[in-house]
Amino acid sequence: MKHRAVVSAILLAGLALAGCGSATGSQSSSGESDGKLVVWDWKSGDASAAAYIDKAKADFASKHPDVTVEFVAQPFDQYYTLLGAAIQAGKGPDVVLFNGGGQIRDRVDALLPLDEYVADDRQRLAGWEAFTSDGRTYAAPVTLQGHPIYYNKALYEQAGLDPESPATTWDEFVNDCAAIIESTGADCFALGNKEGYGIQFFMSGLASGILTPDEYDAWIDGKRDWESPNVKRIFQLWKEAGDKGLNNEGANSTAMFNDSFALFQSGKAAHVIGLMSDVGHWKDFSEFLAADELGVMAAPVATAGAVPSLPYDGGIGYGVAKWTTDPDAAAALVRSLTSTEALNAFYAEAGAIASDTTIDVSQAGPAVAAMVPQLSSGKPALHVALSSQTLELMGRLSQQLLSGSVTVDEAVRQLADSDQAG
């Protein structure tokens, strides 16, 4: 108990240093905030996001000149811990950045619904579902986040494979991997699972080739049958890839961000399940691989009747904390952060596939040209439908599966119990 109190004190001290929001400010008689709005995120400190933040701040300042805005970039590995302390204290930032899915749905009690504020943005922006809970919207999407399978066409050529015709079935894929490993010395997969994130990308990147369309849709709808053969197959293939040496050595001690991506872009691995936006994505890789060397392939089919598709959701989005003293101004800032001009800058500088469907991405290169048309038929990523508690458990179990200290059946049973409890 003493240890827990010390930890809480440290976290709350961090909140004071990191900055709190308009809970300390005031409002004028007109309802306009006289103070400032504080934003917590993990993006505003990135140089690649500077133009995006500047555009959003300028848009907001033109409409709310009396309100100052402070962005506080938090370290991502501590972000949700710090946010949890703020929620427990009932004070902190006014506007908060979230990953879509479980991370925001687990915290909606601390957020204001935004439906009345974002009604005019519904048609322009995509990815809303990842930020909704019980029919209410708690954040506006900034990016679309998908999990494409990238591959190195140059390594395919060295192995005598056709780089324009990657494998379409799992068995073909494993055979191609064997040829690549033998001919080039590169690993088949670049995998970073030190944080337990690797299994999330593996599940979402490959599952459309493993589950049937009905099973996939049922999973997203919350009707998950963890004991079904095809759900178990996801984890069996995860273990098989490790047992057959398809992954880089020491996957459980390799950080995904950014060590595993570095293995891929340096030519030490032929494939990586990466991101469509943010990091570990096409723009990052284009700094090391020529545009015509970076391929995007569909999930290889491991189950008859499976229909491969690009898994994607709303990636990151800004919401408004319940304790803000000026919800109108905070919601207006969210709208500025999702304005077309700001999002276009985010795409141009950082390579984000923005939520704004009016942005022209046709000049981005072959990899983006291969991904964007798939968005119209894409389905949500499987891992995004899970609670943060189940995702944490899945990360630990995935490490144990690779090390051989747990069976697939036991792992699936534990995940089923956690999912039902959530």
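Going by the structure above, here's the rest.
Residues numbered from 1 in each chain as written. Predicted model: local features only at pLDDT ≥ 70, side-chain atom pairs only at ≥ 80, totals over all residues. Heavy atoms only, no water.

Quick look at the sheet that holds strand β11 (residues 294-297)
No. 1: Strands sit in the order β9-β10-β8-β11 across an open sheet of four strands; the sheet is mixed. Sheet topology places β9 (187-189) and β11 at the edges, where each strand pairs with a single neighbour. If you compare each strand with its neighbour and ignore which way they point, the axes differ by 20 degrees on average.
No. 2: Contacts from helix α7 (residues 170-184) reach β9, β10 (269-273) and β11, with the element oriented near 145 degrees to β9.
No. 3: Here helix α11 (residues 256-265) sits on the sheet and contacts β8 (149-152), β10 and β11; the angle it forms with β10, its principal contact strand, is near 140 degrees. (Pairing = 2+ DSSP bridges. Helix = DSSP H or I, 4+ residues; strand = E, 2+ residues; numbered from the N terminus. Axes fitted to C-alpha atoms, helices over the stretch in contact; angles between N-to-C directions. Contact = heavy atoms within 4.5 Å.)

Overview of the pairing of strand β3 (residues 95-99)
No. 1: Among the five residues in β3, four count as buried, and that is most of the element.
No. 2: Sheet topology note: the β3/strand β13 (residues 316-320) ladder contains five bridges and is antiparallel. By the bridge assignment, F98 is partnered in β13 with G317. (Buried < 20%, exposed > 50% of the residue type's maximum accessible area, 1.4 Å probe, protein only.)

What about the sheet that holds β3?
No. 1: Strands sit in the order β2-β1-β3-β13-β6 across an open sheet of five strands; the sheet is mixed. The open sheet terminates on both sides in strands that have one partner only, identified here as β2 (68-73) and β6 (140-141).
No. 2: Relative to β2, strand β1 (residues 36-41) runs parallel, the two being bridged by six bridges. Paired with D41 across the two strands is A73, which belongs to β2.
No. 3: Each of β1, β2 and β13 is contacted by helix α2 (residues 50-63), which is oriented at about 155 degrees to β2, the strand it contacts most.

Thoughts on the nonpolar core
No. 1: Y52, Y150, W226, F235, W282, Y318 and L337 are the most contacted members of the largest nonpolar core, which has 134 residues in total.
No. 2: With seven residues, helix α13 (residues 327-337) is the largest single contributor of residues to this core.
No. 3: In this view, L337 contacts Y52, I53, A56, F71, V95, V142, Y318 and L343; residues no more than four positions away in its chain are not counted. (Core = buried A, V, L, I, M, F, W, Y, C linked by side-chain atoms within 4.5 Å.)

Considering helix α17 (residues 408-421)
Side chains three or four residues apart in an α-helix point the same way, a direct result of the helix having 3.6 residues per turn.
No. 1: Here α17 contains 14 residues, and its C-alpha end-to-end distance of 20 Å stays within 8% of the 20 Å for a straight helix at 1.5 Å per residue.
No. 2: Those residues of α17 that fall on the buried side of the exposure criterion are V408, A411, V412, L415, A416, S418 and D419. Buried positions in α17, seen along its axis, are confined to an arc of 165 degrees and lie on one side of it. Opposite its buried face, α17 presents the exposed residues D417, Q420 and A421, each directed more than 90 degrees away.
No. 3: Elements in contact with the buried residues of α17: α10 (229-243) and α16 (388-403). (Expected span 1.5 Å × (residues − 1). Arc of directions from axis to C-beta.)

Fair warning: the whole summary comes from geometry, so function is off the table for now.
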